[in-house]
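# An overview of the molecular structure
Residues per chain, in single letters:
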Amino acid sequence: MTTDKSYDLVVVGAGIIGLATAWTARQRGLSVALVERNAKCIGASVRNFGFVSVTGQRAGEHWRRARRTRDLWQRIAPLAGIKVIHQGLNVLAQRPEAVDVLEAFLKTEMGEGCRLLSAEEAARERPELQTGRAVLYSPHELRVESRDAIPRLTKWLEHEQGVDFFWNTPVLGVDLPKVHTSQGPLRSSLCVICPGHDLRTLYPDEMAQAAIQLCTLQMMRVRPGQPVRLSSAVMSDLSLVRNDGFADLPEASALNTLLQAQQPEHLQQGVHLIAVQSADGSLVLGDSHFYGDAEFPFGRSEVDELILDEMHRVLRFPGAQVTERWTGTYASAKEPVYKKLLAPGVVLGLVTGGTGASTSFALAEELLDLAQNR
Ligand SMILES: Cc1cc2nc3c(=O)[nH]c(=O)nc-3n(C[C@H](O)[C@H](O)[C@H](O)COP(=O)(O)OP(=O)(O)OC[C@H]3O[C@@H](n4cnc5c(N)ncnc54)[C@H](O)[C@@H]3O)c2cc1C
């Protein structure tokens, strides 16, 4: 039971945003309880690619969030026993119009540290990729195995960082200094609510006003027929019209027009390619995007086929066999994050652009600043 326990901060939700908030608060010297309604984290934070990405994030504030978050992952991962499986990103441009987008990207501040490999250089240096027009290499990304990394981060926060966890405990309401849970009230000066895509339990009116939708993605794991090594994460032309850091460039509109004609089904299903590798050599592949006011519960084989089709256009991955399929859902809105001070000391924080692994630690700082009125 929670009765009589008192903290500086109660965090709601043990996804990556809640965990990052708990860690940041401990860094600031606050006592912290984290309350999660499930027995463990089973949401978007363990269903994702574990792709901590910078290149492709929306220009400006969000791109800076991603850089800061990547730096913090790099610092925390070894402390929490989390393995970084590979680093960097290769974007294979299959069309001249895609090369135009990459060249324009390199001229922005976001291009710093990135380089464009010619088709010949890519053939020599990236044998896992199909032949294309050019490859953008970004060194900024990290990849962790989320289903392993999140439990490790959780354990480390509990055993070495002094965060108290309350599992199987839905939070029913917040009225500081009380946070009402299914196990009784906790007392706290501050409360940061990180509910992921649960838009209905706490503050449903706020959520409704914020025009937040749900986005469901299809994902899969594939094993190669023979060993293949990805040097970095991989994306393709479809990502250049989807990820804001590229898609917002004027050069992306010609590519978009071409893709509408050449790969209309991929665009209709919101399919673009992200491929990352796991320690056992298998790849995590995705994804598609289905938007609505509820989760889409049914995985469709034609959507999986579109993802696999794009994989074969981009990767030399012979004899690929699908060994696992799953869906995941995140909250989605026009702006990539939603943060709001609801009452003194009470803050709601969501990543609404499908980039929470990449922006969590920086967002956590912003959420706490709001709660602490900094
Ligand atoms: C398939 C997929 C792939 C993705 N790939 C990437 C990627 O590679 N890189 C990237 O940066 N981002 C990626 N994203 C986005 C990223 O995973 C999310 O933005 C991020 O995980 C959101 O974290 P969260 O903590 O807000 O939500 P969640 O992980 O969903 O956690 C929220 C938690 O809050 C709990 N909760 C809610 N309400 C209550 C309550 N009232 N009381 C108690 N507990 C409550 C829930 O049970 C849940 O455990 C992906 C998302 C999906 C779905």
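In case you missed it, the structure is sitting above this.
Our subject in this report is the structure included herewith. Here the residue index of a chain counts from 1 through its sequence in written order. Under the rules for a predicted model, residues below a pLDDT of 70 receive no local features and side-chain atom pairs below 80 are neither given nor counted, while totals for whole chains, interfaces and linings still include all residues. The side-chain values count all of the structure's non-hydrogen atoms but skip hydrogen atoms and water molecules.

### Some words on the pattern of salt bridges
Side-chain pairs of opposite charge can arise where the charged atoms are in close proximity. Salt bridge criterion: a side-chain nitrogen from Lys or Arg within 4 Å of a carboxyl oxygen from Asp or Glu. Here the structure, examined in full by the defined rule, presents 24 salt bridges. Between Arg 65 and Glu 366 there is a salt bridge whose closest N-O contact spans 2.8 Å. Within this pair, whereas Arg 65 is found in helix H3 (residues 61–80), its partner Glu 366 is found in helix H13 (residues 356–371), the two being separated by 301 residues in sequence. The pair formed by Arg 65 and Glu 366 is uniform in burial state, with each residue classed as buried. Runs of H or I in DSSP of at least four residues are treated as helices and runs of E of at least two as strands, each being numbered from the N terminus. Only protein chains enter the area calculation, which uses a 1.4 Å probe; residues under 20% of their type maximum are buried, those over 50% are exposed, and those in between are partly exposed.

### Topic: the environment of Gly 50
Note that Gly 50 resides in the loop between helix H2 (44–47) and strand E3 (51–52). As for Gly 50 and Glu 145, which are separated by 95 residues in sequence, their C-alpha atoms are 5.5 Å apart. Here a residue-residue contact requires only that any non-hydrogen atoms of the pair lie within 4.5 Å. Those residues within four positions of Gly 50 in sequence are excluded, and the remaining contacts are Leu 142, Arg 143, Val 144 and Ser 146.

### Some thoughts on empty space enclosed by the protein
Site definitions follow a grid-based scheme: protein atoms alone, a 1 Å grid, a 1.4 Å probe that fits but cannot get out for cavities, and for pockets an open set with protein on both sides within 12 Å along at least five of seven lines, plus lining residues having an atom within 4 Å of a point. Grid points are joined across faces, edges and corners, and a volume is the space filled by probe spheres set on the points. Taken as a whole and assessed by the stated rule, the structure comprises 3 cavities of 30 Å³ or more. Along its surface, the largest cavity is lined by Thr 216, Leu 217, Gln 218, Gln 269, Ser 288, His 289, Phe 290, Phe 296, Phe 298, Arg 300 and Thr 327. When residues of the lining of the largest cavity are assigned to their parent elements, the largest contribution, 3 residues, is made by strand E11 (residues 213–223). Under the scheme applied here, ten amino acids are nonpolar (Ala, Val, Leu, Ile, Met, Phe, Trp, Tyr, Cys and Pro), four are charged (Asp, Glu, Lys and Arg), and all others, including Gly, are polar. Considering only residue class, the lining of the largest cavity consists of 4 nonpolar, 6 polar and 1 charged. In this structure, the second largest cavity occupies an estimated 50 Å³ of space. If you trace the second largest cavity, you find it lined by Val 46, Arg 47, Asn 48, Phe 49, Arg 143, Glu 145, Ser 146, Arg 147, Arg 221, Val 284 and Trp 326. Contributing elements (two or more residues each) for the lining of the second largest cavity: H2 and helix H6 (146–159). In terms of residue class, the lining of the second largest cavity is built from 4 nonpolar, 2 polar and 5 charged.

So, to be careful, I would describe these as geometric facts and stop short of saying anything about function.
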